[in-house]
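Overview (structure and organization)
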Amino acid sequence: CMASNQVGVKINPLPNADLSISKQNGCVPFTSKFSMYTQGVNDTNIVAYWQLDNQTFYGKQFSYLFSSAKTYSIFGYYSDTLTTCKNSATYIVEGYPLPKANFMVEPEKPVEGLDEVYFMNTSSGDELKKFNWYFINNKGYQSENKNTSYLFNELGEYPVAMVVQNKWGCADTMIKSIKVEADLNVYVPNAFTPNEDNLNDVFLPILRGVKLYELMIFDRWGKRIFLSNQIE
């Protein structure tokens, strides 16, 4: 004896969606925005929640500040409220490390036109690749060496900037001001014309970079007739 029957089985599709990420990798810290979207599917019945770095976000949109250099895994869980079917997906965001720029200067108080200044890179960070030195207000001199040097020919205060960059394109800048001291120069005239024509009327040494000063004038017989510690 035989019998047969036919039963219809309805197969509900798994809820499926994708996550739009405004910035999937970058130099920390950076903020990325996330939005869930579906292609050709009515998502009114699909609810979702997300787990990222031990935090849970509900809804179809959220944002997050990535502050540490590492690989982040984002786990998405989808559920269809009509069929109770569930699905999941995983997304990756990369946070790249930011270098720390720094350098040492030797000597710290150079003399104009005399002391060549050495700039020694002491930057820290992983995979450092590029070094750019900018000597601001000093004829636009630049260098791409890891360490560099420069001779300042005139006294003054000069900002020097160094930009360090790693293989991920993350960069940092350090600016230090170099104070260049005056060279010791003394110019003493051997004659003057006190005739009130406003030209060489006064005997006055011209000094540069002098801290201690003493001027003595003697007559032809060796008698001191003048003494001063005032440059003017």
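These figures come from a predicted structure and were not determined experimentally. (Residues numbered from 1 in each chain as written. Predicted model: local features only at pLDDT ≥ 70, side-chain atom pairs only at ≥ 80, totals over all residues. Heavy atoms only, no water.)

Some words on the side chain of S143
- On the secondary structure map, S143 appears in strand 12 (residues 142–143).
- Exposure remark for S143: the relative accessible area of 6% places this residue in the buried category.
- A distance of 3.3 Å separates a polar side-chain atom of S143 from the backbone nitrogen of N145.
- Here T148 takes part through its side chain, which lies 3.3 Å from a polar atom of the side chain of S143. (Helix = DSSP H or I, 4+ residues; strand = E, 2+ residues; numbered from the N terminus. Buried < 20%, exposed > 50% of the residue type's maximum accessible area, 1.4 Å probe, protein only. Polar contact = N/O pair within 3.5 Å; in protein donor to acceptor, adjacent residues only side chain to side chain.)

Considering the pairing of strand 19 (residues 224–228)
- In the sheet, strand 18 (residues 215–218) pairs with strand 19 via four bridges, with the strands oriented antiparallel. Looking across to strand 19, one finds that F218 is bridged to R224.
- The antiparallel hairpin formed by strand 18 and strand 19 contains five residues in its connecting segment, where G222 sits at a positive phi of about 90°. (Pairing = 2+ DSSP bridges.)

Considering the side chain of S228
- Its location among the elements puts S228 in strand 19.
- A distance of 3.1 Å separates a polar atom in the side chain of S228 from the backbone nitrogen of Q230.
- Not counting residues up to four positions away in its chain, the partners in contact with S228 are Y213, E214 and L215. (Contact = heavy atoms within 4.5 Å.)

Digging into the sheet that holds strand 15 (residues 171–180)
- The antiparallel open sheet is built from four strands, whose spatial order is 12-11-14-15. Both edges of this open sheet fall to strand 12 and strand 15, since each of them pairs with a single strand only.

Focus on unusual backbone geometry
- At the junction of V28 and P29, the peptide bond is cis and its omega measures out at 0° in the coordinates.
- Take P29: it is sitting in the loop between strand 2 (25–27) and strand 3 (30–37).
- P107 follows E106 through a cis peptide bond whose omega is -5°.
- Mapped onto the elements of the fold, P107 is located in the loop between strand 9 (103–106) and strand 10 (116–121).
- Despite not being glycine, T84 has its phi angle at roughly 60°, a positive value.
- A positive phi angle is found at N200, which is not glycine, with a value near 55°.
- On the secondary structure map, N200 appears in the loop between strand 16 (185–187) and strand 17 (206–208).

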